[in-house]
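# Observations on the model geometry
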Amino acid sequence: MNMRKNVLSAVIGTALTVGFSASAFAATTFKLSHNHNRDHAVHKAMTEMAKEVRELTDGEVRIRIYPDAQLGTQRESMELMQNGALDMVKTNAAELEAFSSDYSAFNLPYLFRDQQHYFNVKEGPVGEQILASSRDSGFIGLTYYEAGARSFYTSKPIINPEDLDGMKIRVQPSPTAINMVKSLGGSPTPLAYGELYTALQQGVVDAAENNIPSFSLSRHSEVSKYFSLDEHTMVPDVLVISTKSFDALSKENQAALKTAAMNSMQLMKQLWADSEQQERAKAEKMGVKFVTPNKPAFVEAVQPMYADLAKSNPELSALVEEIKAVQ
Ligand code: GCU
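Residues numbered from 1 in each chain as written. Predicted model: local features only at pLDDT ≥ 70, side-chain atom pairs only at ≥ 80, totals over all residues. Heavy atoms only, no water.

## Brief notes about the packing of helix α2 (residues 41-56) against helix α11 (residues 251-285)
A pair of packed helices is characterised by two quantities: the angle between their axes and the separation of those axes. Contact pair α2 / α11: the axes reach a minimum separation of 8 Å and the direction vectors enclose 150°. Of the possible angle classes, the one that applies to α2 and α11 is roughly antiparallel. Of the two elements, α2 crosses α11, and the hand of that crossing is right-handed. Contacts between α2 and α11 involve Ala41, Val42, Lys44, Ala45, Glu48, Met49, Glu52, Val53 and Leu56 from the former and Ala256, Leu257, Thr259, Ala260, Ala261, Asn263, Ser264, Leu267, Met268, Leu271, Trp272 and Ser275 from the latter. Across the contact of α2 with α11, the residue classes tally to 14 nonpolar, four polar and three charged. (Axes fitted to C-alpha atoms, helices over the stretch in contact; angles between N-to-C directions. Helix = DSSP H or I, 4+ residues; strand = E, 2+ residues; numbered from the N terminus. Parallel < 35°, antiparallel > 145°, perpendicular 65-115°, else oblique. Left-handed = near helix turned anticlockwise from the far one by under 90°. Contact = heavy atoms within 4.5 Å. Nonpolar A, V, L, I, M, F, W, Y, C, P; charged D, E, K, R; others polar.)

Next comes the structure, spelled out in structure tokens:
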């Protein structure tokens, strides 16, 4: 893996040097990595953002998007960004928990009352405060992207938490996601997204959890025929940028980038709603059954997580209270 990372860094480094010396015009081209394919709504939203920022800055700021984890897994991309080999990463709050603990709030199950509460948190002062919280780790968040609710999928219907007993369940490398699966009786197995299709197919894990578009577009729907709509978390995608890259821009170009990012966040809401519908229909055509679980039982099973948090992490617990107080 390190070898691959070194090769990637070298390639990215060379591309930057060539690009720089070949043009006298002071355009900045940012490299943005993410792990979804071109059909995913978030790729489309970010493509619009790249167009808009180029227009708003008269071509001075350009963004080149590398989809499909071409430049490494989400974690590798974050590390490349911290090393200065990449400028931007579209990641999500679960991955970011390891870099800035404030993001763990988004990974707590059944925290948001409904979608409007979730939008108000992300788009209000608390959301902005969390985006700024990682500055000491060498990056900041520019915006969130809607990523719906996450639910469990496997080869049998999950109706009650007991149905997860002893199952090996793939989670993202997020301590909160790991605790959640343990609270529900499953055995959490952290894995990179790109490794999950094979892991499900070969029985390395028994189940996984994600939103509907990611489930369908990653073709996990070929191997997991039951999607149980327990909707345990609403984990937003997050667009982050290295502070080195951001701080090097003029104030006007920083503002243009933020504007384009915020506009693409609004656009994403519509793209997401359409994509959720389309991908659900596609999965159903492939024989996937969407089942309605006993949600109150899931809500109850995770309540001890909140009591534990109040004891073990008062700071995070205070942030959770702030989130709950948002109208
Ligand atoms: C979502 C999210 C990705 C993340 C993935 C995962 O699809 O958009 O950023 O990597 O979940 O479960 O790993």
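So, next bit.
## Remarks on the side chain of Ser134
Tracing the chain through its elements places Ser134 in the loop between α6 (125-132) and β4 (139-145). Sequence-distant contacts of Ser134, that is, excluding residues within four places in its chain, are made with Ser100, Phe139, Ile140 and Gly141.

## Observations concerning the pairing of strand β2 (residues 61-66)
Pairing of strand β1 (residues 28-33) with β2, which is carried by six bridges, proceeds in the parallel orientation. Along β2, the bridge assignment pairs Ser33 with Tyr66. Considered for its hand, the β-α-β crossover made up of β1, α2 and β2 is right-handed. (Pairing = 2+ DSSP bridges. Right-handed = clockwise from strand over helix to strand, strands pointing away.)

## Structural notes on the confidence of the model for the chain
Looking at the chain as a whole, its pLDDT mean stands at 94, while 92% of the residues score no less than 70. The low-confidence segment residues 17-24 (pLDDT under 50) makes zero contacts with residues lying over four places distant or belonging to another chain. (pLDDT = per-residue confidence, 0-100.)

## Overview of helix α5 (residues 115-123)
Burial in α5 covers these residues: His117, Tyr118, Phe119, Val121 and Lys122. The inward-facing, buried residues of α5 abut α6, β4, α11 and α13 (314-325). Where α5 starts, the residue carrying a side-chain oxygen 3.2 Å from the main-chain nitrogen of Gln116 turns out to be Asp114. (Buried < 20%, exposed > 50% of the residue type's maximum accessible area, 1.4 Å probe, protein only. Polar contact = N/O pair within 3.5 Å; in protein donor to acceptor, adjacent residues only side chain to side chain.)

## Let's talk about the pattern of salt bridges
Counted under the stated rule, the structure contains 13 salt bridges. Of the charged contacts, one joins Glu95 and Arg75 as a salt bridge, the two residues approaching to 3.1 Å between their closest N and O atoms. Taken as a pair, Glu95 in helix α4 (residues 93-96) and Arg75 in helix α3 (residues 74-82) lie far apart in primary sequence, 20 residues in all. A relative accessible area of 4% means that Glu95 is categorised as buried. With its nearest N and O atoms 3.0 Å apart, the salt bridge here joins Glu279 to Lys282. Of this pair, Glu279 and Lys282 both sit in helix α11, separated by three residues, roughly a single helical turn. (Salt bridge = Lys/Arg side-chain N within 4 Å of Asp/Glu carboxyl O.)

## Some details on unusual backbone geometry
Note: most peptide bonds trans; most residues except glycine with negative phi. At Asp58, a residue that is not glycine, the phi angle is positive and equals roughly 50°. One can find Asp58 in the loop between α2 and β2. For Asp58, a relative accessible area of 66% translates into the label exposed. Notably, Asp68 is not glycine yet its phi reads approximately 60°, a positive angle. Asp68 gets classed as partly exposed once you look at its relative accessible area, which sits at 43%.

## A closer look at the sheet that holds strand β5 (residues 150-154)
Ordered by their spatial adjacency, four strands build an open sheet running β8-β5-β9-β11, and the pairing between neighbours is mixed. The open sheet terminates on both sides in strands that have one partner only, identified here as β8 (208-210) and β11 (289-291). Direction aside, neighbouring strands of the sheet carry axes that sit 35° apart on average. For β5 and β8, the ladder comprises three bridges, and the chain directions are antiparallel. Residue Phe152 lies in a different strand from β8, and its bridge partner there is Glu209.

## Comments concerning the site of the ligand
Around the ligand sit Asn35, His36, Gln74, Lys90, Asn92, Arg150, Arg170, Gln172, Tyr193, Asn210, Ser214 and Asp237, and that is every residue in its neighbourhood. One of the side-chain nitrogen or oxygen atoms of His36 is found 2.9 Å away from an oxygen atom of the ligand. Within the side chain of Lys90, a nitrogen or oxygen atom sits 2.9 Å from an oxygen atom of the ligand. For the ligand, the protein covers 98% of the area, taking 320 Å² as the surface of the free molecule. A per-class count over the shell around the ligand returns one nonpolar, seven polar and four charged. (Near = heavy atom within 4 Å. Areas by Shrake-Rupley, 256 points an atom, 1.4 Å probe, with all protein chains shown as cover.)

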